[in-house]
Structures are given as structure tokens and as C-alpha cells.
Amino acid sequence: MPRYFIEVSYKGTRYSGFQVQQNANTIQSEVEKALEICFREKFALTGSSRTDAGVHALQNYFHFDSLQELVNNFNVNFKNENLKRSIYSLNSILPEDIVINNLTKVENDSHSRFDAVTREYKYQVYQFKNPFYRDLAYYYPYKISIENLQAAAEIIINTREFSSFSKKNTQVKNFKCSIFKSYWYTENGLVIYNIIGNRFLRGMVRGLVGTMLQVGTGKITLNQLEEIIASKDCTKANFSIPPHGLFLSKIIYPYVI
């Protein structure tokens, strides 16, 4: 049976997360519904990265199998007219806060979750009242030392064990992650954290950002951040920051999508 990757972007404000849940509106349920209406076939989607309620994505993927030949060739160009019509139809069915960017045929054993090489997240903070950032960034009207934030981010890039930044009741075999980039920068009135890694634990990015903001405002020191990491105790990290400042921004695969 042919397998396909479908690339999506979404604003997560109205949704109870990425993955299908009973009695809850999710990104996956909306995409499955649109696919069924468009192609008159039931689909079971597998997601590449789960995002929590309220979290957004500039790029995320599902894979699924189909009884039909939805795309004739591997890595077909987006200019293909049949593909353009299919994507247009899907987007006309989907709510305005979910968008299909591409639909690609892949090898039958390709897996959107397990084949991902890196995932990239960003978290946006704004310090001065701005109605246009309300649903897309965290309002944090306190004095922040960017220098201290950068020093904290350097500690994170050299960390391998992230037990302290994983929420409880998570089903993982280990808490080890490889972080390739970790840094803060400012842009258009926003203070933004950017992180790239091979995998991320449940609540990990929000826990990192919340704890680093405590460093940035002087509530804790860099030494205390290192102690939190060494403790492997998630009760010592700060997970209290809201989801709406978090974006899954990019996923990289070892093959062309």
C-alpha cells in the first residue's frame, strides 16, 4: 500500500493538542476528517511530533497509507497540477487555522516520527504590551538579562540528560537528548529562544524556557541551573509558562520530503 507524508502548519490556540483524543478537538482529527471527505477513504495518521494544547507549528508531519495512488511519483514537485488541486481541496475543507503545505509519496517503510533526524522549536516572549502577540507569545513584563539567558542556553547545549525537564507520567525509556543548537535572540520586539535537537521530552522546551527565564531575571543563578539539571528532579524546574508562545518550527529527515 502506498505511503504518504503530509506536511501541516497550524495555530494551536483552539485545539487540545496534536494527537487524536476522545471528546476533544485536535489537529489530527481535523486532518483525518478532511482527508476522508476529499478522497472518500478512512485514514489512520501517525504524527511526527506531538504538540500540547495551545502549541503551534510552522511545520509538522503525518504519515499514512492509502488504498489509492494519491501522488504518482516520489518527491513530486508542488507545481504538479493534480497535487495542487488535492492540496487546494484539503485546505478548503480544513478550518482556517490548519493548512496543508505538501503531500508527498515516500517509501513504504518511511516513518514520520522515527525517521526524523532533528526537530527545531522556538519560544517567543514579549515584554511590552502588544495585542498582535497575544496568542503567539508569552507576555513577560520583567527586566531580562539577555547575557544571562545566553549563558544558560550554553549550559543546555552541553547537557545530555534532561530528567529535570520532563513532565511526570511520560512513557520513555531514557531522558537523554542531543542538543545541536540552543540560543536566545531578539527580533521585532520579541525575545526568542531557539533549540534544535534529535528528540524532545514531554514539556521539555517549556521547562527549559521557564527555568532559563528565572536565570534571566536573577531569581536563580547559573550554578543553581546546573544543580537543577544534576538533580534529575522535575519538581525543581519551572514548567509554569503558557503553551501559546511555543512553536514547532522545523523537522529534518534524512531524505527529501
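The structure presented is a predicted model; accordingly, all values stated were derived computationally and were not measured.

(A) Structural detail: the state of the cysteines. For the structure shown, the criterion picks out 0 disulfides. Looking at C177, it has no disulfide partner, and the nearest cysteine sulfur is the one in C234, 14 Å off.

(B) Spotlight on the nonpolar core. Counting residues in each nonpolar core, the largest one holds 70 residues, and the members touching the most others are V31 and L213. If you tally residues by element for this core, the top one is helix α4 (residues 204-216), at 7 residues. If sequence neighbours within four positions are ignored, V31 has contacts with I6, V8, L45, F62, L94, I98 and I100. Y133, A137, L190 and I192 belong to the second-largest nonpolar core, a separate cluster that totals 5 residues.

(C) A look at the pattern of salt bridges. One pass over the full model with this rule turns up 7 salt bridges. D65 is the salt-bridge partner of R3, the closest N and O atoms lying 2.8 Å from each other. Of the two residues, R3 sits in strand β1 (residues 3-10) while D65 sits in strand β3 (residues 56-65), which places them 62 residues apart along the sequence. A salt bridge links D135 to K11; its shortest N-O distance comes to 3.7 Å.

(D) A look at the layout of surface pockets. In this structure, the largest pocket encloses a volume near 1200 Å³. At the level of secondary structure, the elements contributing two or more residues to the lining of the largest pocket comprise β2 (46-47), β5 (118-126) and α4. Among the elements that take part in the lining of the largest pocket, α4 stands out by supplying 3 residues, more than any other. Of the residues belonging to the lining of the largest pocket, the class tally is 15 nonpolar, 16 polar and 9 charged.

(E) Fine view of the packing of aromatic side chains. By the definition in use, this model includes 19 aromatic pairs. For the ring pair F162 and F165, a centre distance of 6.4 Å and an interplane angle of 55° mean the geometry is tilted. Considered together, F162 and F165 belong to a single accessibility category, that of buried residues. For the pair W184 and Y193, a centre-to-centre distance of 5.1 Å together with 35° between the ring planes defines the contact as tilted. The same class applies to W184 as to Y193, namely buried. Following the ring pairs from residue to residue traces out a cluster consisting of Y4, F39, F43 and F64. Geometry around F247 places K122 over its ring, the cationic atom sitting 5.4 Å from the centre.

(F) View of the pairing of strand β9 (residues 246-252). With respect to burial, β9 is a largely interior element, 5 of its 7 residues being buried. When β3 meets β9, the two strands line up parallel, connected through 2 bridges. Following the sheet pairing, A57 is matched in β9 by L248. Where β5 meets β9, 6 bridges bridge the pair, whose relative direction is antiparallel. The residue bridging R119 from the neighbouring strand is I251, located in β9.

(G) Focus on the packing of helix α3 (residues 146-157) against α4. Interaxial distance between α3 and α4 falls to 8 Å at its minimum, and their mutual angle equals 140°. Classified by the angle between their axes, α3 and α4 sit oblique to one another. Of the two possible hands of crossing, α3 and α4 adopt the one that is right-handed. On α4, the residues that touch N148, L149, A152, A153 and I156 of α3 are L208, M212, L213, V215 and G216. Here the contact of α3 with α4 is built from residues that sort into 8 nonpolar, 2 polar and no charged.

(H) Up close: helix α5 (residues 222-231). Of all the residues in α5, the buried ones are L225, I228 and I229. One side of α5 carries all its buried residues, which in axial view fall inside an arc of 100°. Opposite the packed face of α5, turned more than 90 degrees from it, sit the exposed residues N223, E227 and A230. For α5, the secondary structure elements touched by its buried residues are α3 and α4. With its phi angle positive at about 55°, K232 sits one or two positions after the end of α5.

(I) A look at the pairing of β3. Within β3, 8 of the 10 residues are buried, which leaves it mostly tucked inside the rest of the structure. Taken together, the 7 bridges between β1 and β3 define a ladder with antiparallel strand orientation. Pairing of Y4 across the sheet is with F64, part of β3.

The rules behind the values
- Residues numbered from 1 in each chain as written.
- Predicted model: local features only at pLDDT ≥ 70, side-chain atom pairs only at ≥ 80, totals over all residues.
- Heavy atoms only, no water.
- Disulfide = S-S within 2.5 Å.
- Core = buried A, V, L, I, M, F, W, Y, C linked by side-chain atoms within 4.5 Å.
- Buried < 20%, exposed > 50% of the residue type's maximum accessible area, 1.4 Å probe, protein only.
- Helix = DSSP H or I, 4+ residues; strand = E, 2+ residues; numbered from the N terminus.
- Contact = heavy atoms within 4.5 Å.
- Salt bridge = Lys/Arg side-chain N within 4 Å of Asp/Glu carboxyl O.
- 1 Å grid on protein atoms, 1.4 Å probe; cavity = no way out; pocket = protein on both sides within 12 Å on 5 of 7 lines; lining within 4 Å.
- Points joined across faces, edges and corners; volume = space filled by probe spheres on them.
- Nonpolar A, V, L, I, M, F, W, Y, C, P; charged D, E, K, R; others polar.
- Phe/Tyr/Trp six-rings, centres within 6.5 Å; stacked < 30°, edge-to-face > 60°.
- Lys NZ or Arg CZ within 6 Å of the ring centre and 35° of its normal.
- Pairing = 2+ DSSP bridges.
- Axes fitted to C-alpha atoms, helices over the stretch in contact; angles between N-to-C directions.
- Parallel < 35°, antiparallel > 145°, perpendicular 65-115°, else oblique.
- Left-handed = near helix turned anticlockwise from the far one by under 90°.
- Arc of directions from axis to C-beta.

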